[in-house]
Amino acid sequence: MAQPDTHENTPINPLRLNDDTRLPRIAGPSGLVIFGVTGDLARKKLLPALYDLANRGLLPAGFTLIGFGRREWSKQDFEGYVREAVEKSARTRFNDNVWERLAEGMHFVQGAFDHDEAFDSLAQLTREMDATRGTAGNWAYYLSVPPEYFSDVVNQLDRTGMATPSEDQWRRVVIEKPFGHDAASARELNEVVNQVFPESSVFRIDHYLGKETVQNILALRFANQMFEPIWNANYIDHVQITMAEEIGLGGRAGYYDGIGAARDVIQNHLMQLLALIAMEEPASFSPRQLKAEKIKVLRATYPVGPFDRTTARGQYTAGWQGSTKVLGLREEEGFDPASTTETFAACTLQINSRRWAGVPFYLRTGKRLGRRVTEIALVLKRPPYQPFQARQTQSMTNNAVVLRIQPDEGVLMRFGSKVPGSTLEVRDVNMNFSYSEAFTEKSPEAYERLILDALLDESSLFPTNEEVEYSWDILDPILNYWADNGQPEEYEAGTWGPPSADRMLAAEGRVWRRP
Ligand code: BG6
């Protein structure tokens, strides 16, 4: 049954912002079981990330990977499947020796989530691996499966003893989103999982937190002196958080139809970005302190109404993405031709705190937009007085600090500068810090970082049950309003979303940045 919750106070510093050894951390003896190993995520991200970790020497010698699925695969079939995924999508170069060693520890167990015998065999196999490969009873179970199966899998793990470690061993569960479709279902899911695994053994993946540039938000804010004085309602006019994608939803109908953009990314990725941008300085970067600050800010965040004016949602229709003609959502394979699922969502949030009172946070995301970009822009107020004639500053806009999460990772500052010449005219210029120019080190993929952290019991970069629940609490009123009020507005693929998104900001005398 449930293990005791022990590591709440572990004084580790997983963000390693003040790690003086700079030695890479290597996972101790352990194994990983992936449920849903034949899915897209495993093929494109998880398996390549595991290989990259092995290639960087960060997995233990006897590391063992067990795939669980319905296919009738032998060990060789599974190895072939993993190899193909690795060759196609790994970040680091293929190395035969690394592959051979990793492949030795690969196994496949055939079965469905309601097959007791399959889970009995899995339990048996993990015990064998403990004895022969030195996995030492330390197992992580990766649930890359839809949430309706969470309960079956964790109960099977419980029934077969796989959730319960002996002394000096650990058992952890790593869970992929979606964590429910509203606050109530998220709470139910958390209850199901927490009945078997204590919160300290649950690692919920929000892959945005694994991105180097997202972690840099903490470095930028808390390692520097120059930003903090302006990081508040005295100087900031509003904040824009944008996650724009060029890709459409072909091939993802099963997951996305009926879910929509707000549930898919605002509830998790964008809320986490908001929490990191807006939270107070944590006492340390221990999981406990970080969580305390994130929760404080999420609890103080609320959606601003009236929602017909302060939110926008859209669905893409056919159009051009660069020089490629693309389909509209309702023509994409598998989507209901009458689908009302939104592929663009925007909303206005405010935070009840001294730091942020009165500063709107505008969040937007969409598929098939003009360009792939994720960024956070803090747009400053105008100076209280400008000793210029209006025409001298007419082409200047508000100062801004922009954190570019991807691509072209970096930080940009926009301010006014004199145009060279004999007249006095001030125009916007950009000062640009680019990761790729400033550093030679390449950033690891988010999943490399997160899988390694889960094996190392470093939970700072994983949202807790409460963070997930509070994020849903913020979003639920908007989702309910949308459910009761008509359809998403159409927007042409390759544009920047529906006209209502522009109206939403124009009504407050503001405009979206064109990143
Ligand atoms: C996922 C969403 O969480 O993030 C996808 O489910 C989205 O819809 C993806 O495309 C984007 O991730 P990234 O890392 O490419 O920005």
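Since the model is a prediction, treat every value here as computed from it, not as a measurement. (Residues numbered from 1 in each chain as written. Predicted model: local features only at pLDDT ≥ 70, side-chain atom pairs only at ≥ 80, totals over all residues. Heavy atoms only, no water.)

**Side note on the sheet that holds strand β1 (residues 31-35)**
Ordered by their spatial adjacency, six strands build an open sheet running β3-β2-β1-β4-β5-β6, and the pairing between neighbours is parallel. Sheet topology places β3 (106-110) and β6 (202-204) at the edges, where each strand pairs with a single neighbour. The average undirected angle you get between the axes of adjacent strands in this sheet is 20 degrees. Where helix α4 (residues 116-132) meets the sheet, it contacts β1, β2 (64-69), β3 and β4 (139-143), and its direction lies at approximately 175 degrees from that of β2. (Pairing = 2+ DSSP bridges. Helix = DSSP H or I, 4+ residues; strand = E, 2+ residues; numbered from the N terminus. Axes fitted to C-alpha atoms, helices over the stretch in contact; angles between N-to-C directions. Contact = heavy atoms within 4.5 Å.)

**So, the UniProt feature "domain: Glucose-6-phosphate dehydrogenase C-terminal" (unreviewed entry) in the protein**
Within this numbering scheme, the UniProt entry marks residues 218-513 as carrying the feature "domain: Glucose-6-phosphate dehydrogenase C-terminal" (unreviewed entry). Secondary structure content for residues 218-513 is 30% helix and 25% strand, and the end C-alpha separation is 23 Å. (UniProt positions renumbered as here; feature names shortened; annotations may be inferred.)

**Regarding the packing of aromatic side chains**
Here the structure, examined in full by the defined rule, presents 24 aromatic pairs. Centre to centre, the rings of F433 and F439 are 6.3 Å apart; their planes meet at 85 degrees, and the pair counts as edge-to-face. Each ring, one from Y435 and one from F439, has its centre 5.7 Å from the other, and the planes form 45 degrees; the classification is tilted. Its end group placed over the ring of W170, R172 keeps NZ or CZ at 3.6 Å from the ring centre. R368 extends its terminal NZ or CZ atom over the ring of Y316, reaching a point 5.9 Å from the ring centre. (Phe/Tyr/Trp six-rings, centres within 6.5 Å; stacked < 30°, edge-to-face > 60°. Lys NZ or Arg CZ within 6 Å of the ring centre and 35° of its normal.)

**What about the site of the ligand?**
Taken together, 14 residues sit near the ligand, with Y208, K211, E245, D264 and K367 positioned nearest. Between the ligand and the protein, one listed contact pairs an oxygen atom with a side-chain N or O atom of R252 at 2.7 Å. Its free accessible area being 400 Å², the ligand has 82% of it covered by the protein chains. Broken down by element, the residue count for the shell around the ligand peaks at three residues, all from helix α9 (residues 260-278). Looking at the shell around the ligand residue by residue, the class counts come to four nonpolar, three polar and seven charged. (Near = heavy atom within 4 Å. Polar contact = N/O pair within 3.5 Å; in protein donor to acceptor, adjacent residues only side chain to side chain. Areas by Shrake-Rupley, 256 points an atom, 1.4 Å probe, with all protein chains shown as cover. Nonpolar A, V, L, I, M, F, W, Y, C, P; charged D, E, K, R; others polar.)

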